[in-house]
Amino acid sequence: SQTIHQWPATLVQPVGSPLSLECTVEGTSNPNLYWYRQAAGRGLQLLFYSVGIGQISSEVPQNLSASRPQDRQFILSSKKLLLSDSGFYLCAWRPDRVAEAFFGQGTRLTVV
Amino acid sequence: AQSVTQLDSQVPVFEEAPVELRCNYSSSVSVYLFWYVQYPNQGLQLLLKYLSGSTLVKGINGFEAEFNKSQTSFHLRKPSVHISDTAEYFCAVGSFQKLVFGTGTRLLVSP
């Protein structure tokens, strides 16, 4: 069976520090991978998606970047965090174009 | 481009009453439609999905949704809600690559 792992669950980082959130999927190959940010009143905002290794599409210009160094690994990064980067970050995967997304447990990021 | 509009940010309803949560979408390509639920302090769970075929789809927990292509809508309904249905509900539209969510509707069920 397929599983998705996302870590850490919570993170408190100072302004200006770097960020690296990791997501891995097991039990499947060539999944579509997604990073979302959930904020009150804004729902799930699609940040990045990837349909293959090294292929990253950005939806929202911002202080973040994403990378897919391996087929089932998706990383969300920042060189210097801003206060506005605080939020709940969710990783998700889809096995193919018609399927629903399966979500990780999320990371609560607080920038102080 | 794809987008999803959930006009109601919050819907209060009494227990055992019917409820409808509205969802409208826009897309230039054929899409697939989903409803997810997020209970307090939990992750997202799929309620139901429309891929093709019958426009009325049934999901878990007694929920159903109807796909209306002419009105580009995919409203979620339940004939009688329970206290335990209190949660946030998200409509989503998917294509080959992207999966875009709406801003969510908080369903508040009171006794």
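For the structure, see preceding data.
Conventions used here
- Residues numbered from 1 in each chain as written.
- Chains lettered and ligands numbered in written order.
- Predicted model: local features only at pLDDT ≥ 70, side-chain atom pairs only at ≥ 80, totals over all residues.
- Heavy atoms only, no water.
- Helix = DSSP H or I, 4+ residues; strand = E, 2+ residues; numbered from the N terminus.
- Rg over C-alpha atoms; globule rule 2.2 N^0.38 Å.
- Buried < 20%, exposed > 50% of the residue type's maximum accessible area, 1.4 Å probe, protein only.
- Contact = heavy atoms within 4.5 Å.
- Areas by Shrake-Rupley, 256 points an atom, 1.4 Å probe, with all protein chains shown as cover.
- Lys, Arg positive; Asp, Glu negative; His and termini not counted.
- Charge placed at Lys NZ, Arg CZ, Asp CG, Glu CD.
- Buried area = accessible area lost by both parts, 1.4 Å probe.
- Salt bridge = Lys/Arg side-chain N within 4 Å of Asp/Glu carboxyl O.
- Polar contact = N/O pair within 3.5 Å; in protein donor to acceptor, adjacent residues only side chain to side chain.
- Pairing = 2+ DSSP bridges.
- Axes fitted to C-alpha atoms, helices over the stretch in contact; angles between N-to-C directions.
- Phe/Tyr/Trp six-rings, centres within 6.5 Å; stacked < 30°, edge-to-face > 60°.

> Give me the lowdown on the overall build of chain B, citing residues and values where you can.
Looking only at helices and strands, one finds zero helices and twelve strands in chain B. Order of helices (α) and strands (β) in chain B, N terminus to C terminus: β-β-β-β-β-β-β-β-β-β-β-β. In summary, chain B has a C-alpha radius of gyration of 13 Å against a globular reference of 13 Å for 111 residues, a match within 12%. Its C-alpha atoms give chain B principal-axis dimensions of roughly 45 × 30 × 20 Å. Each of the 111 residues in chain B was classed as buried or not, and the buried ones make up 47%. For chain B, long-range pairs separated by at least 24 residues make up 56% of all intrachain contacts whose partners lie at least 6 apart in sequence. Taken as a whole, chain B presents about 5300 Å² of accessible surface, with 51% of it coming from carbon and sulfur. With 8 positive and 8 negative side-chain charges, chain B shows a spacing of 10 Å between the two charge centroids.

> For the interface of chain B and chain A, give the residues involved together with the corresponding values.
On the chain A side, the residues contacting the 19 residues of chain B number 21 residues. Here chain B and chain A share an interface that buries about 1700 Å² over both sides, 57% of which is from carbon and sulfur atoms. The largest contributions to the chain B side of the interface with chain A come from B:Q97, B:K98 and B:L99, which together make up 29% of the buried area. Counting every contact that joins chain B to chain A gives two salt bridges. Notably, a salt bridge pairs A:E100 with B:K49, separated by 2.8 Å at the nearest N-O pair. Along the contact surface separating chain B from chain A lie ten residue pairs in polar contact (both at pLDDT 80 or more). Of all elements in the fold, only β5 (32–38), β6 (44–50), β10 (87–94) and β11 (99–101) of chain B reach the threshold of two or more residues within the side of chain B that touches chain A.

> An account of the pairing of strand β1 (residues 3–7) of chain A is requested, with residue identities and associated values reported.
Residues and elements named next belong to chain A. Of the two faces of β1, only one is covered, namely that formed by I4 and Q6; the face formed by T3, H5 and W7 stays uncovered. Of the pairings in the sheet, the one linking β1 to strand β3 (residues 19–26) comprises five bridges and is antiparallel in character. Paired with Q6 across the bridge in β3 is C23.

> Requested: an account of the sheet that holds β1(A), with residues and values cited.
Residues and elements named next belong to chain A. Reading across the sheet, the four strands line up as β1-β3-β8-β7 and stay open at both edges, with antiparallel pairing between neighbours. Since the sheet does not close on itself, it has two edges, and those belong to β1 and β7 (65–70), each with one partner. Strand-to-strand, the axes of this sheet are offset by a mean angle of 20°, without reference to chain direction. Of the pairings in the sheet, the one linking β3 to strand β8 (residues 73–78) comprises six bridges and is antiparallel in character. Across the sheet, S20 pairs through a bridge with S77, a residue of β8.

> Pulling in residues and values, what's your account of the pairing of β7(A)?
Every other side chain in a regular strand lies on the same face of the sheet, so the side chains alternate between the two faces. Residues and elements named next belong to chain A. The pairing of β7 with β8 spans four bridges and is classified as antiparallel. Residue pairing for β8: A66 is matched across the bridge by L76. Hairpin geometry of β7 and β8 is characterised by an intervening segment of two residues between the two adjacent antiparallel strands.

> Now, about the pattern of salt bridges: what can you tell me, with residues and values included?
All names here are of chain B. Under the criterion given, the structure shown has nine salt bridges over all chains. Here K78 and D85 are joined by a salt bridge, their closest N and O atoms 2.8 Å apart. Where R106 meets E88, a salt bridge forms, and the shortest distance between an N and an O atom there is 2.9 Å. Highlighted residues: R106 in strand β12 (residues 105–110) and E88 in strand β10, separated in sequence by 18 residues.

> Can you lay out the packing of aromatic side chains for me, pointing to particular residues and giving the numbers?
Applying the stated rule across the entire model yields 13 aromatic pairs over all chains. For the pair A:Y36 and A:F103, a centre-to-centre distance of 5.8 Å together with 45° between the ring planes defines the contact as tilted. Of this pair, A:Y36 sits in strand β4 (residues 32–39) while A:F103 sits in strand β10 (residues 102–103), and the two are 67 residues apart along the sequence. Arranged with centres 6.3 Å apart and planes meeting at 25°, the rings of B:Y25 and B:F67 form a pair that is stacked. Here B:Y25 is found in strand β4 (residues 24–26), whereas its partner B:F67 is found in strand β8 (residues 64–68), with 42 residues between them in sequence. Taking relative accessible area as the criterion, B:F67 reaches 11% and is therefore assigned buried. By way of ring pairs, the aromatic residues A:Y34, A:Y36, A:Y49, A:F103, B:F34, B:Y36 and B:F101 are connected into one cluster.

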